[in-house]
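Fold and contact review
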Amino acid sequence: MSTSSKKNVGFISLGCPKALVDSERILTQLKLDGYEIVPTYEDAEVVVVNTCGFIDSAKQESLDAIGEAISENGKVIVTGCMGKGNDAEVIKELHPKVLSVTGPAAYEEVVGAVHEFVPHTPVHDPYTDLVPPQGVKLTPRHYAYLKISEGCNHRCSFCIIPAMRGDLVSRPIGDVMSEAEGLVRAGVRELLVISQDTSAYGIDVKYRTGFWNGRPLKTRMQALCEALGELGVWVRLHYVYPYPHVDNVIPLMAEGKILPYLDIPFQHGSPSVLKRMKRPAAAEKSLERIARWREICPDITLRSTFIVGFPGETEQDFEVLLDFLQEAQLDRVGCFQYSPVAGAAANDLPDAVPEEVKQERWERFMALQQQISADKLQAKIGSEIDILIDAVDEQGAIGRSTADAPEIDGKVYLNGATDLQPGDMVRAPVTGADEYDLWAG
Ligand code: SF4
């Protein structure tokens, strides 16, 4: 999402811990949508009041808060326990200027109202966004993205993120964990850890010790994974680089604490291309590392992305990449043809690859990977898998296995399973497969 022109939202949260959970969920989504949460009426373009309707004094406090927000700011969205039944009518009568009134846990409606009254169309930018384009929509409430840092210390030659967002700034681990806990309390069953470089978490603060529920925790990927692993939900790691210390989190995957899934953007397999790309961990022996991870956790799913046709990529470089792909046997792979991004250092590199060569390499790459992916999925037929249900229609349920991140990986179809709900977790044998998706039931 574009964060260049952030829109400001004020937020007043009243009431019990359950209301607070709703507030956290709404705030997380607003921040992901590119809104900034501000502490003063003055700076806010709209104010959300999450009310409490438990007892009369709480109701009065809520009504007072709404009145104050209207007189100080003017644009007010009301939600929470007072937003249903008779109480909702009382609010509308007393404060007719209120823009919208909804009840508790109305995340989608509240976020929708903010978008309506303070329009902010986040433009998906494939060069800088962490969340896939579909994620710009409201994430279904059973999974959520957990952003652990902003910015990046690397300087990959094709990327403009460091220029736009600056160097790495890790969020305090206590804040990240509290947000994660809040999301889980609000019904989230899968947390997707995102950042520009998840393996670098904490480097900027020298792995400072933070606190979560009074317990000391290092600002470090391993400590974060251990703590997240205690929350009892799926934890999926995105944007990890193959540094040696990543080996330390693989046992957590083997023990079932976090999902056996790593999203590692390798981008290429040829050392000379990686060098020109200035990729982090380019000197690491990625294939050896992968073999080691599979030794520790044989079920690990590896997802990656690659770029073909980077300036100076020779036929020999490309063949090295195909060999890498063949040997790495990655489960999920995306491939892009290189295209220059305004402002990126790679634009000055010589030996641009002609468009038709890029296309031809892309096709060869995809043909090989499709075969690998199809074979890997075929091998799953007959095995039992856990499936998190994303959607249900009249034909059945559609979910994902531990090997599938939402929006970017495959799906699992459960034909006829119309009695399930989004967010349900089921276990079923795999009955069929194609290049990307599975059928189970
Ligand atoms: S690691 Fe490279 S590609 Fe990723 S954000 Fe940093 S500079 Fe950009």
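Everything numeric in this text was worked out from a predicted model, so none of it was measured.

Right, let's get into the overall build of the chain. Each helix and strand counted, the chain has twelve helices and 20 strands in total. Taken against the 2.2 N^0.38 rule, which gives 22 Å for 441 residues, the C-alpha radius of gyration of the chain at 24 Å falls within 12% of a compact globule. Referenced to the eigenvectors of the C-alpha coordinate spread, the extents of the chain come out at roughly 75 × 50 × 45 Å. Partitioning the intrachain contacts of the chain with sequence separation of at least 6 by distance along the chain shows that 74% fall at a separation of at least 24. Seen as two clouds, the 43 positive and the 64 negative side-chain charges of the chain have centres 4 Å apart.

Compared with an ideal rise of 1.5 Å per residue, which puts 24 residues at 34 Å, helix α12 (residues 355-378) spans 34 Å between its outermost C-alpha atoms and is within 8% of the ideal. Every buried residue belonging to α12 is among K358, R361, F365, M366, Q369, I372, S373, A374 and L377, and all of these are buried.

The next point concerns the site of the ligand. Taken together, C152, H154, C156, F158, C159, I161, P162, Q196, Y241 and R279 make up the full set of residues adjacent to the ligand. Partitioning the shell around the ligand into residue classes produces seven nonpolar, two polar and one charged.

Here we come to the pattern of salt bridges. Applying the stated criterion to the full structure yields 23 salt bridges. Between R236 and E190 there is a salt bridge, and its shortest N-O distance comes to 2.7 Å. With a gap of 46 residues between them, R236 in strand β12 (residues 234-237) and E190 in strand β9 (residues 190-194) connect regions that are remote in the sequence. E190 carries the same exposure label as R236, and that label is buried. Among the ionic contacts, a cluster of salt bridges with common partners joins E313, E315, E319, E360, R361 and R364.

Read from one edge of the open sheet, five strands run β2-β1-β3-β4-β5, paired in parallel fashion. The open sheet terminates on both sides in strands that have one partner only, identified here as β2 (35-38) and β5 (100-101). Of the strand pairs in this sheet, strand β1 (residues 7-13) and β2 are connected by four bridges, and their pairing is parallel. Directly across from G10, in β2, lies its bridge partner V38. Sitting on the sheet, helix α4 (residues 107-117) touches β1, β2, β3 (46-51), β4 (76-80) and β5, and the angle it makes with β4 is about 175 degrees.

Counting buried positions along helix α7 (residues 221-228) gives six out of eight residues, so the element sits mostly inside the fold. Among all positions in α7, only M221, A223, L224, C225, A227 and L228 are buried.

Turning to the layout of surface pockets, a few remarks are in order. Roughly 710 Å³ of internal volume is contained in the second largest pocket. Lining the second largest pocket are 31 residues; nearest its centre among them are P260, D299, I300, T301 and T402. Listing elements by their share of the lining of the second largest pocket, those giving two or more residues are β12, α8 (250-254), α10 (286-296) and β16 (384-393). When residues of the lining of the second largest pocket are assigned to their parent elements, the largest contribution, three residues, is made by β16. Across the lining of the second largest pocket, the residue classes tally to 16 nonpolar, seven polar and eight charged.

The next thing to look at is the packing of helix α11 (residues 315-328) against α12. Two numbers describe how α11 lies on α12: the axes approach to 10 Å, and their chain directions differ by 10 degrees. By the criterion of interaxial angle, the relationship of α11 to α12 is roughly parallel. Contact residues: E315, F318, E319, L321, L322, L325 and Q326 in α11; R361, R364, F365, L368, Q369 and I372 in α12. Classifying every residue of the contact of α11 with α12 by side-chain character gives seven nonpolar, two polar and four charged.

So, about the sheet that holds strand β20 (residues 438-440). The sheet built from five strands closes into a barrel, its strands ordered β16-β17-β18-β20-β19 with mixed pairing. Each adjacent strand pair in this sheet contributes to an overall mean axis angle of 50 degrees, direction not counted. Bridge analysis of β16 against strand β19 (residues 425-433) gives five bridges, and the strand direction is antiparallel. Within β19, the position partnered with I387 by the bridge is V426.

Look at α10 against α11: their axes get within 10 Å of each other, and the N-to-C directions meet at 10 degrees. Taken together, the axis directions place α10 and α11 in an arrangement best described as roughly parallel. For the pair α10 and α11, the contacting residues are S286, L287, I290 and R294 in the first and F324, E327 and A328 in the second. Taken together, the residues of the contact of α10 with α11 break down into four nonpolar, one polar and two charged.

Our next topic: the side chain of S170. Checked against the element boundaries, S170 lands in strand β8 (residues 169-170). On the basis of relative accessibility, which here comes to 7%, the residue S170 falls in the buried class. Within the structure, S170 has its side chain in polar contact with the backbone nitrogen of G202 (distance 2.9 Å). Side chain to side chain, S170 and D204 meet in a polar contact 2.6 Å long.

A word on the environment of K31. If you trace the backbone, K31 turns up in helix α1 (residues 17-32). For K31 and N8, which are 23 residues apart along the polypeptide, the C-alpha to C-alpha distance reads 10.0 Å. Those residues in contact with K31, other than ones at most four positions away along the chain, are I37 and E179.

So, how was this worked out
- Here, residues in each chain are numbered from 1, in the same order as that chain's written sequence.
- Totals for whole chains, interfaces and linings use all residues, but because this is a predicted model, local features are given only for residues with pLDDT of at least 70 and pairs of side-chain atoms are given and counted only at 80 or more.
- Each side-chain value is derived from all of the structure's non-hydrogen atoms; neither hydrogens nor water enter the calculation.
- For helices the rule is a DSSP run of H or I covering at least 4 residues; for strands it is a run of E covering at least 2, with both sets numbered from the N terminus onward.
- It is over C-alpha atoms that the radius of gyration is taken, and the globule rule equals 2.2 Å times the number of residues to the power 0.38.
- When checking whether two residues touch, look at their non-hydrogen atoms; a contact exists if any pair is within 4.5 Å.
- Charge assignment: positive for Lys and Arg, negative for Asp and Glu; neither His nor the chain ends contribute.
- Taken as the charge location is NZ of Lys, CZ of Arg, CG of Asp or CD of Glu.
- Multiplying 1.5 Å by the residue count of a helix minus one yields the expected span of that helix.
- Think of it in three bands: with a 1.4 Å probe and only protein chains considered, a residue is buried below 20% of the maximum accessible area for its type, exposed above 50%, and partly exposed in between.
- One heavy atom within 4 Å of a molecule or strand makes the whole residue count as near it.
- Residue polarity is assigned by list, with Asp, Glu, Lys and Arg as charged and Ala, Val, Leu, Ile, Met, Phe, Trp, Tyr, Cys and Pro as nonpolar; anything else, Gly included, falls into the polar class.
- Salt bridges are defined by distance alone: a side-chain nitrogen of Lys or Arg within 4 Å of a carboxyl oxygen of Asp or Glu.
- A pair of strands is labelled paired if DSSP reports no fewer than 2 bridges between them.
- Between N-to-C directions, angles cover 0 to 180 degrees, with each direction set by a line fitted to C-alpha atoms, over the stretch in contact for helices.
- Lining residues are those with an atom within 4 Å of a point, where the points come from a 1 Å grid over the protein atoms alone and group into cavities, where a 1.4 Å probe fits but cannot get out, or pockets, open sets with protein on both sides within 12 Å along at least five of seven lines.
- Grid points are joined across faces, edges and corners, and a volume is the space filled by probe spheres set on the points.
- Our angle categories are set so that under 35 degrees counts as roughly parallel, over 145 as roughly antiparallel, 65 to 115 as roughly perpendicular, and the remainder as oblique.
- For this analysis, a polar contact is any N or O atom pair within 3.5 Å, provided that within protein one partner can donate a hydrogen and the other can accept it, and provided that sequence-adjacent residues contribute only side-chain to side-chain pairs.

Nothing here speaks to function; it is all geometry.
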